[in-house]
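Letter by letter, the chains look like this.
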Amino acid sequence: MTDTSRMLLSAAVRAKIDRWVKRYPPEQKRSAVLEALRYAQEENGGHLTNEMMDAVADYLGMPNIAVYEVASFYTMYNLAPVGKHVINVCTNISCMLRDSEKIVEHLQTRLGIGLNETTADQKFTLREVECLAACAHAPVAQIGKKYYENLTPEKIDAVLDELG
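Here the structure is a predicted model, which is why all the values come from computation and not from measurement. (Residues numbered from 1 in each chain as written. Predicted model: local features only at pLDDT ≥ 70, side-chain atom pairs only at ≥ 80, totals over all residues. Heavy atoms only, no water.)

Novice: Please clarify how the overall build of the protein should be interpreted in this entry.
Specialist: Across its full length, the protein holds eight helices and five strands. Reading the protein from its N terminus to its C terminus gives the helix and strand order α-α-α-α-α-β-α-α-β-β-β-β-α. With the C-alpha coordinates aligned to their principal axes, the bounding extent of the protein is approximately 50 × 35 × 25 Å. Per-residue burial over the protein gives 41% buried out of 164 residues. Restricting to contacts in the protein with at least 6 residues of sequence separation, those with at least 24 account for 60%. As presented, the protein carries roughly 9,100 Å² of accessible surface, and 53% of it is formed by carbon and sulfur atoms. Positive and negative charge centroids in the protein, built from 18 and 22 side chains respectively, lie 8 Å apart. (Helix = DSSP H or I, 4+ residues; strand = E, 2+ residues; numbered from the N terminus. Buried < 20%, exposed > 50% of the residue type's maximum accessible area, 1.4 Å probe, protein only. Contact = heavy atoms within 4.5 Å. Areas by Shrake-Rupley, 256 points an atom, 1.4 Å probe, with all protein chains shown as cover. Lys, Arg positive; Asp, Glu negative; His and termini not counted. Charge placed at Lys NZ, Arg CZ, Asp CG, Glu CD.)

Novice: Help me understand the sheet that holds strand β5 (residues 146–148) in this model?
Specialist: Strand pairing in a sheet is mediated by backbone hydrogen bonds. Such pairs are either parallel or antiparallel. Taken together, the five strands give an open sheet; going across it, the order is β2-β3-β1-β4-β5, and neighbouring strands pair in mixed fashion. Each edge of the open sheet carries a strand with a single partner, namely β2 (117–118) and β5. Direction of pairing for strand β4 (residues 141–143) relative to β5: antiparallel, over a ladder of three bridges. Looking at the pairing, Gln142 lines up with Tyr147 of β5. Against the sheet, helix α7 (residues 100–111) touches β1 (85–90) and β3 (124–129), its axis set at about 155° to β1. (Pairing = 2+ DSSP bridges. Axes fitted to C-alpha atoms, helices over the stretch in contact; angles between N-to-C directions.)

Novice: Quick question: what am I supposed to make of the nonpolar core here?
Specialist: Taken as a class, soluble globular proteins show a tendency for nonpolar side chains to be buried jointly. Grouped together as the largest cluster of nonpolar side chains are 24 residues, with contacts concentrated most on Leu9, Ile17, Val33, Leu37, Val56, Leu60 and Val67. Within the residue set of this core, elements represented by two or more residues are α2 (11–21), α3 (33–43), α4 (50–60) and α5 (64–73). Examining the composition of this core, we find that seven residues originate from one element, α4, more than from any other. Non-local contacts of Leu37, meaning those with residues more than four positions away in its chain, are made with Leu48, Met53, Val56, Val67, Val70, Ala71 and Tyr77. (Core = buried A, V, L, I, M, F, W, Y, C linked by side-chain atoms within 4.5 Å.)

Novice: For this particular structure, what's the right way to read unusual backbone geometry?
Specialist: When glycine is set aside, most residues are seen to have a negative phi, and most peptide bonds are trans. Residue Pro139 is reached from Ala138 by a cis peptide bond, and omega for that bond is -5°. Its location among the elements puts Pro139 in the loop between β3 and β4. One non-glycine residue, Asn116, lies in positive phi territory at about 65°. For Asn116, the position within the fold is in the loop between α7 and β2. By relative accessible area, which is 61% here, Asn116 ends up exposed. Positive phi, normally seen in glycine, also occurs at Asn150, with a value near 50°.

Written as structure tokens, this is what we have:
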């Protein structure tokens, strides 16, 4: 571990990563990369920077590119600042057949933003995702760790009002 990873990853984040690393054989500590990125992202206010990803790579003894590949593949990682509430709307076939595009259109109108944009007040970021694995309850959105199912414009309005 270099001084750079010590500066960019707090002692608290390093301790959390270390707990995950212990779950794997010593030569496989890179297996903790998903959680390491999650902790780094949480501490940074919801997004990752190249410097933070480099610090995670250094801490886990991985090539930087391997960390970038993970961070850019999974939608749970944000490579740019996002709003307080990230709204992921599934538009895969099951949700599409149950009018997810109406939900997306409604959200765009209500929030005044397009996909992959954040409201001016930094409260909401709207994203389209491929699948949230809740096909039986389509259309579906995920906000934070919570799923909202069988969505209608009225239901999503109630959720937005609650989130304020």
